[in-house]
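# What the coordinates show
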Amino acid sequence: MNYTSFYNTYVLQVLIFQRLSHRSSALSMLSVARGLAARTGRLTACSGDRCVLGPAGRCQRAAALRTSAPRPAPLPPAVWLVLRPITKLAAVLFGRAYRKWWQALPKNKRAVFMASVRRNRRKIAAASALVGGLSLNYYYSHLQTTPVTGRTRFVAFTPEQIVKISQEGFEMMIEEHAMDTLPPDHGFYRTVVRVANRLLSANRDLAEMQRDWAVTVVADDAHVNAYAMECGNIVVFTGMLLMCDNDDQLGCVLGHEMAHTVLGHSGERLSKAHLLDLLMILPLAAIWAFLPNDGISVFAHWFFRQMVTLLGDLPHSRALETEADEVGLHLAARCHPMPERDPRAVVEEFRKMLLEQAAARRPHPKSVPLELPRAGSGG
């Protein structure tokens, strides 16, 4: 079995789901997977004073953004694919086995065991401190500075690994879903290329924009969505294009999605999920070890997972979306030479239009006429 290819496909699905989860349901994710494109036109980062559609190329980096040197993960990504479900399952099985063993242990042997724990408490504390110290060293050794914003974050994977994962997964889906894309001579395709080139040309001094970009337009009017991948693929659904009235609105959308790529949010999301999995090992083992039966343990396991999502995953995802909003507005604003052209107004108009269209599609409850009391009636 090729674990590397399997891991690449799995991680790509995770990245797509995390990118779409704040806007659509799991059905949207499946539709996105079916709609990934086959025909791609390459965008150069810059070419002279403007960017044009043409062969893939890279421009010389004009100005380097402040960022720390990435550190590779201690194990290959394919190994983490195997370890991720195994560690959770091992924690559950260990905790459950410990509970069964403790419940079957006679009271006198329980007392002997607790006495042994008290005698070796220093060794247990030293081992715990060693594990905690190694964990802190692992965390701090993988801290990086986010490009543009300068925020400190945890990243367990190198940019090369994330790019390779997204690229291999994208190529696999290209072969499978070649019939769902628009050709380069289509009007929608040319529109996306024109707007993307404006963004690239206006921001060509940013080092993180210097990569091989490619455009794919998916013919799916039902999905109002667009996203950019770490390998440089910009995917836009025709549903999003139908929502945009002009290039300015589409530019704000693409600026937001390209900001995710510039900021490396996909690798950060994947690293955050990896870190949470490691931190959940001991709590999961404790849940299954100390709760009295499997039924309560199952409920506590589910509740703990929901709390992690509510207090950890969702706030982090919203923070990344807000950061992409801010950086995306800066990218879009640089496309407008006139100072009175404020991209924030374009974004607000676009959001208002989306809300109005969503309200128009929502079924309205039938109104019930109010029956006024008759004159002279009591009450």
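Here, every reference points to the structure presented above.
Quick summary incoming for the structure in this document. These figures come from a predicted structure and were not determined experimentally.

The number of helices and strands found in the chain is 13 helices and six strands. A total of 379 residues make up the chain; the buried ones form 42% of that total. In the chain, the proportion of contacts linking residues at least 24 apart, taken out of those at least 6 apart, comes to 73%. Accessible surface computed for the chain: about 21,200 Å², of which carbon and sulfur atoms make up 63%.

With that settled, the discussion passes to a positive patch on the surface. Together, Arg118, Arg119, Arg121 and Arg122 give the surface a local cluster of positive charge. Within the element layout of this structure, Arg118 appears in helix 4 (residues 107-119).

The backbone of Val148 sits at a positive phi, close to 75°, despite the residue not being glycine. Along the chain, the position of Val148 falls in the loop between strand 2 (143-145) and strand 3 (152-154). Overall, Val148 belongs to the partly exposed group, its relative accessible area being 46%.

Before going further, it helps to spend a moment on the side chain of His260. One can find His260 in helix 9 (residues 247-263). A distance of 3.1 Å separates the side chain of His260 from the side chain of His256, its partner in a polar contact. Polar contacts involving the side chain of His260 include one to the side chain of His265, which spans 2.8 Å.

Regular strands place their side chains on alternate faces of the sheet. Counting buried positions along strand 6 (residues 233-237) gives five out of five residues, so the element sits mostly inside the fold. Where burial is concerned, the two faces of strand 6 agree: the one with Asn233, Val235 and Phe237 and the one with Ile234 and Val236 are both buried.

By the definition in use, this model includes zero disulfides. Here Cys252 stays free of any disulfide, with the sulfur of Cys335 as its closest cysteine sulfur at 8.9 Å.

So, on to the pattern of salt bridges. All chains considered together, the criterion is met by 11 salt bridges. The salt bridge involving Arg153 is made with Glu268; its shortest N-O contact spans 3.0 Å. Separated by 115 residues along the polypeptide, Arg153 in strand 3 and Glu268 in helix 10 (residues 265-279) bring together distant segments of the chain. Neither Arg153 nor Glu268 differs from the other in exposure class; each is buried. Among the ionic pairs, Arg211 bridges to Glu208, the shortest N-O distance being 3.8 Å. Looking at Arg211, the relative accessible area reads 12%, which means it is buried. Salt bridges sharing common partners tie together Arg151, Arg153, Glu268 and Glu323.

As a further point, take helix 12 (residues 294-333). An ideal rise of 1.5 Å per residue puts 58 Å on 40 residues; helix 12 measures up with 56 Å between its terminal C-alpha atoms. Of all the bends in helix 12, the greatest, near 35°, is centred on Thr309. The N-capping residue of helix 12, defined by a side-chain oxygen 3.2 Å from the backbone nitrogen of Gly295, is Asn293.

What counts and how
Residues numbered from 1 in each chain as written. Predicted model: local features only at pLDDT ≥ 70, side-chain atom pairs only at ≥ 80, totals over all residues. Heavy atoms only, no water. Helix = DSSP H or I, 4+ residues; strand = E, 2+ residues; numbered from the N terminus. Buried < 20%, exposed > 50% of the residue type's maximum accessible area, 1.4 Å probe, protein only. Contact = heavy atoms within 4.5 Å. Areas by Shrake-Rupley, 256 points an atom, 1.4 Å probe, with all protein chains shown as cover. Patch = residues over 30% accessible without salt bridge, like charges linked within 9 Å, V, L, I, M, F, W, Y side chains within 5 Å. Salt bridge = Lys/Arg side-chain N within 4 Å of Asp/Glu carboxyl O. Lys, Arg positive; Asp, Glu negative; His and termini not counted. Charge placed at Lys NZ, Arg CZ, Asp CG, Glu CD. Polar contact = N/O pair within 3.5 Å; in protein donor to acceptor, adjacent residues only side chain to side chain. Disulfide = S-S within 2.5 Å. Expected span 1.5 Å × (residues − 1). Bend = angle between axes of the 7 residues up to and from the residue.

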